[in-house]
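Remarks on the overall topology
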Amino acid sequence: MTTPKTHTPAFAPLVLDAAAEVERITRWMREELRTGLRKRGLVLGISGGIDSSLCAALAVRALGAKNVFALFMPENDSDPESLRLGRSVAETFGIESVVEDIGPSLAAMGCYERRDAFIREAVPEFGPGWGSKIVFDNPMTTGGYNISSLVVRTPDGEMRKVRLSANAYLGIVAATNMKQRTRKQLEYYHADRLNFAVIGTPNRLEYDQGFFVKNGDGAADIKPIAHLYKSQVYQLAAHLGVPAEILSRPPTTDTYSLPQTQEEFYFALPYAKMDICLYGLEQGLPAATIAAATGLKDGDVELVWADITAKRKVARYLHCPPLVMAGRS
């Protein structure tokens with residue numbers, strides 16, 4: 001099976017030998033599980049997105065379906081399509097799975113109540129029947145700055161966009177991060193009872209740029225696709241037979257009650273162009289070369305590179321283990 005044309009990168013350096021790369025990854029997974037982690041299988045949360053779907057397919061290819069266990073963890077704001085598509089992945093690859101609805105747990109911890117209280121700092125009338133999401137203005141239109149705003153939808157469908165104070169922004173994000181941390185707690189519960197290891201599903205772009213929650217979706221025992229650009233994720237997923245609906249689904253966060261693309265929330269550009277920009281920065285290519293490959297202006301490429309560099313500074317903390325003072329007192 002070949003990669004769908006819509007996901008085949010026009011930038012030649014990002015094209016993989018899919019079969020060879022699958023073999024390389026799965027061999028590494030088996031070796032690490034046996035000698036490093038000393039576990040007999042793998043647990044992962046399947047979101048209905050491309051990254052977790054590829055990780056599920058790789059896990060089955062590496063260990064066999066009987067040694068892979070999947071969780072679906074919807075909550076009050078989840079798109080119902082995510083659960084349906086996640087189940088299709090488990091069925092496609094023969095993975096045993098369970099639904100763990102985390103909505104009641106999040107409500108009991110005050111996730112939604114805390115979030116809504118911070119939203120009301122910007123929109124006092126916000127309440128039941130409203131929807132919300134956080135978006136960022138593109139740094140190419142703001143002189144390189146990431147400016148956060150809140151988008152809300154009233155019960156009668158009116159959309160509003162308002163600026164957020166730093167306090168409100170941090171509060172909304174802090175409450176929302178409970179979702180990723182609660183999911184990871186359940187993944188480790190099942191991993192502990194099965195003597196399995198937990199898979200982390202970030203791709204290279206997300207891993208490099210810190211697009212994950214520390215001790216939430218950033219926590220894992222093994223991260224098999226963190227070296228792959230997003231466009232390469234699509235190549236391998238198509239090769240392994242991930243359902244076509246998932247291959248054609250636009251990447252989303254599925255975190256807020258309103259639909260939200262990853263570009264709206266975090267990345268400056270769609271993933272295909274972000275991949276090329278990240279590759280160009282890592283390889284030291286001229287901005288003009290990347291501009292020609294992406295259709296951007298040279299100056300815009302420089303702004304994207306500056307944004308990548310800034311996000312790497314944020315990601316440094318996210319990647320750090322706990323600090324331990326060395327030596328004796």
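The rules behind the values
- Residues numbered from 1 in each chain as written.
- Predicted model: local features only at pLDDT ≥ 70, side-chain atom pairs only at ≥ 80, totals over all residues.
- Heavy atoms only, no water.
- Axes fitted to C-alpha atoms, helices over the stretch in contact; angles between N-to-C directions.
- Helix = DSSP H or I, 4+ residues; strand = E, 2+ residues; numbered from the N terminus.
- Parallel < 35°, antiparallel > 145°, perpendicular 65-115°, else oblique.
- Left-handed = near helix turned anticlockwise from the far one by under 90°.
- Contact = heavy atoms within 4.5 Å.
- Phe/Tyr/Trp six-rings, centres within 6.5 Å; stacked < 30°, edge-to-face > 60°.
- Buried < 20%, exposed > 50% of the residue type's maximum accessible area, 1.4 Å probe, protein only.
- Lys NZ or Arg CZ within 6 Å of the ring centre and 35° of its normal.
- Arc of directions from axis to C-beta.
- Salt bridge = Lys/Arg side-chain N within 4 Å of Asp/Glu carboxyl O.
- pLDDT = per-residue confidence, 0-100.
- Pairing = 2+ DSSP bridges.
- Right-handed = clockwise from strand over helix to strand, strands pointing away.
- Core = buried A, V, L, I, M, F, W, Y, C linked by side-chain atoms within 4.5 Å.
- 1 Å grid on protein atoms, 1.4 Å probe; cavity = no way out; pocket = protein on both sides within 12 Å on 5 of 7 lines; lining within 4 Å.
- Points joined across faces, edges and corners; volume = space filled by probe spheres on them.
- Nonpolar A, V, L, I, M, F, W, Y, C, P; charged D, E, K, R; others polar.

1. Thoughts on the packing of helix H2 (residues 50-63) against helix H8 (residues 230-240)
Look at H2 against H8: their axes get within 9 Å of each other, and the N-to-C directions meet at 50°. With respect to their mutual orientation, H2 and H8 come out oblique. Crossing hand, H2 versus H8: left-handed. Contact residues: Ile50, Asp51, Leu54, Ala57, Leu58 and Arg61 in H2; Lys230, Val233, Tyr234, Leu236, Ala237 and Leu240 in H8.

2. Focus: the packing of aromatic side chains
Summed over all chains, the structure comprises 12 aromatic pairs. Plain terms: the ring middles of Tyr256 and Phe265 are 6.0 Å apart, the flat faces sit at 50° to each other, and that makes the pair tilted. Overall, the relative accessible area of 5% leaves Tyr256 in the buried class. Note that Arg193 overlies the ring of Phe69, its terminal NZ or CZ placed 5.1 Å from the centroid.

3. Quick word on helix H12 (residues 287-294)
Within H12, burial applies to Ala287, Ile290, Ala291 and Thr294. Looking down the long axis of H12, one finds its buried residues gathered within 105° of arc, a one-sided arrangement. Each element contacted by the buried residues of H12 is listed here: helix H11 (271-283) and helix H13 (298-319).

4. Re the pattern of salt bridges
Within this structure, the stated rule accounts for 20 salt bridges. Here Lys230 ties to Asp51 by a salt bridge, and the two come within 2.9 Å at their closest N and O atoms. One end of the pair, Lys230, is in helix H8; the other, Asp51, is in helix H2, with 179 residues separating them in the sequence. Each member of the pair, Lys230 as well as Asp51, is classed as buried. Three or more residues joined by partner-sharing salt bridges are found here, namely Glu75, Asp77, Arg115, Asp116 and Lys179.

5. Re the confidence of the model for the protein
The predicted model of the protein averages 93 in pLDDT, with 94% of residues at 70 or higher. Counting contacts from residues 1-6, a segment whose pLDDT is below 50, to residues more than four positions away or on other chains yields 10 contacts.

6. Observations concerning the sheet that holds strand S6 (residues 159-163)
With antiparallel pairing, three strands are arranged side by side in an open sheet as S4-S5-S6. Edge positions in the sheet fall to strand S4 (131-137) and S6, since each of these pairs with one other strand and no more. Here the strands of the sheet are splayed against their neighbours by 25° on average, with no regard to which way each runs. In terms of strand pairing, S4 meets strand S5 (residues 147-153) through seven bridges, oriented antiparallel. Opposite Ile134, over in S5, you have Leu150 as the bridge partner. Along the sheet, helix H6 (residues 166-194) makes contact with S4 and S5, crossing S4 at roughly 120°.

7. What about the sheet that holds strand S3 (residues 96-99)?
With respect to topology, four strands assemble into an open sheet ordered S3-S2-S1-S7, the strand pairing being parallel. The open sheet has two edge strands, S3 and strand S7 (197-198), and neither has a second partner. Across two bridges, the pairing between strand S1 (residues 42-45) and S7 is parallel. Note on S7: the bridge partner recorded for Val43 is Val198. The strands touched by H2 within the sheet are S1 and strand S2 (68-72), with S1 carrying the most contacts at an inclination of about 165°. Here helix H3 (residues 80-93) sits on the sheet and contacts S2 and S3; the angle it forms with S2, its principal contact strand, is near 170°.

8. A few points about the pairing of S2
Counted residue by residue, S2 has five buried out of five residues, so it is predominantly covered. In S2, alternate side chains face the same way, and those of Val68, Ala70 and Phe72 on one face and Phe69 and Leu71 on the other are all buried. Crossover S1 to S2 through H2 is right-handed. Where the polypeptide runs from S2 across H3 and back to S3, its parallel neighbour, the crossover connection is right-handed.

9. Points about the nonpolar core
In summary, soluble globular proteins display a tendency toward joint burial of nonpolar side chains. With 41 residues, the main nonpolar core has Met29, Leu42, Leu44, Ile50, Leu54, Leu58 and Ile95 as its most contacted residues. Here this core takes 10 residues from H2, the largest share from any one element. With near-sequence residues (within four places) excluded, Leu54 lies in contact with Ile225, Leu228, Val233, Leu236, Ala237, Leu240 and Val242. Of all hydrophobic cores here, the second largest spans 36 residues; its members include Ile172, Phe211, Cys277 and Leu278.

10. Let's talk about empty space enclosed by the protein
One pass over the full model with this rule turns up one cavity of 30 Å³ or more. When its volume is computed, the largest cavity comes out at roughly 40 Å³. In terms of lining residues, the largest cavity is bounded by Leu205, Pro251, Gln262, Glu263, Phe267, Leu269, Pro270 and Tyr271. Among the residues forming the lining of the largest cavity, the class breakdown is six nonpolar, one polar and one charged.

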